[in-house]
Amino acid sequence: MLAIQGLKCIYDTGARGWAIELALSGEGEEAVRRFDVAGPDDAEMLIEAFEDSTASAFDPATGEIVFAYEYADFGIEDEDGSEDEDGEDEGSDGADEDEEKDKT
C-alpha cells in the first residue's frame, strides 16, 4: 500500500475527459497515478473523501483506493439531551411504547 499525499483534478484536453491524479509515496518510492473519472462531480467527491479522511492509501496490486475515517465518541448529548454514558437513548427500552398501549 502506498500513502496518498495529495489529489489533483485534471481535465485532459487531448483525451477530452476528466481525471484524478494521485501523488503517492511509500515503500521507498514516490509515484503519480492518473485515473479517469466520469466528470468534475466525481472528481470533487474523491477530493472531499480524501480531505475528510484520517488516512488514505492506494494498493497498486488491486488498483484500490482506500479512505479511512476515525470518529471519536466524546459522550456528546443529542439535541434533546437524552443520551446516557453508553451512548444509548434513555427512552429506548420500549417503556414509552408500553405507556401508549395502556392509554388505549
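Calculation notes
Residues numbered from 1 in each chain as written. Predicted model: local features only at pLDDT ≥ 70, side-chain atom pairs only at ≥ 80, totals over all residues. Heavy atoms only, no water. Patch = residues over 30% accessible without salt bridge, like charges linked within 9 Å, V, L, I, M, F, W, Y side chains within 5 Å. Areas by Shrake-Rupley, 256 points an atom, 1.4 Å probe, with all protein chains shown as cover. Salt bridge = Lys/Arg side-chain N within 4 Å of Asp/Glu carboxyl O. Lys, Arg positive; Asp, Glu negative; His and termini not counted. Charge placed at Lys NZ, Arg CZ, Asp CG, Glu CD. Helix = DSSP H or I, 4+ residues; strand = E, 2+ residues; numbered from the N terminus. Buried < 20%, exposed > 50% of the residue type's maximum accessible area, 1.4 Å probe, protein only. Pairing = 2+ DSSP bridges.

A. Representation of a negative patch on the surface within the structure. There is a patch of like negative charges on the surface, built from D41, D42, E44, E48, E51 and D52. By the secondary structure assignment, E48 is in helix α1 (residues 40–52). Among the residues examined, E48 registers a relative accessible area of 40% and is labelled partly exposed.

B. Expanded view of the pairing of strand β4 (residues 55–59). With four of five residues buried, β4 is to be regarded as a mostly interior element. With two bridges connecting them, strand β1 (residues 2–12) and β4 associate as antiparallel partners. Pairing of L2 across the sheet is with F58, part of β4. Turn length for the β4-strand β5 (residues 64–68) hairpin, with the two strands adjacent in sequence and antiparallel, is four residues, and the turn residue G63 shows positive phi of about 75°.

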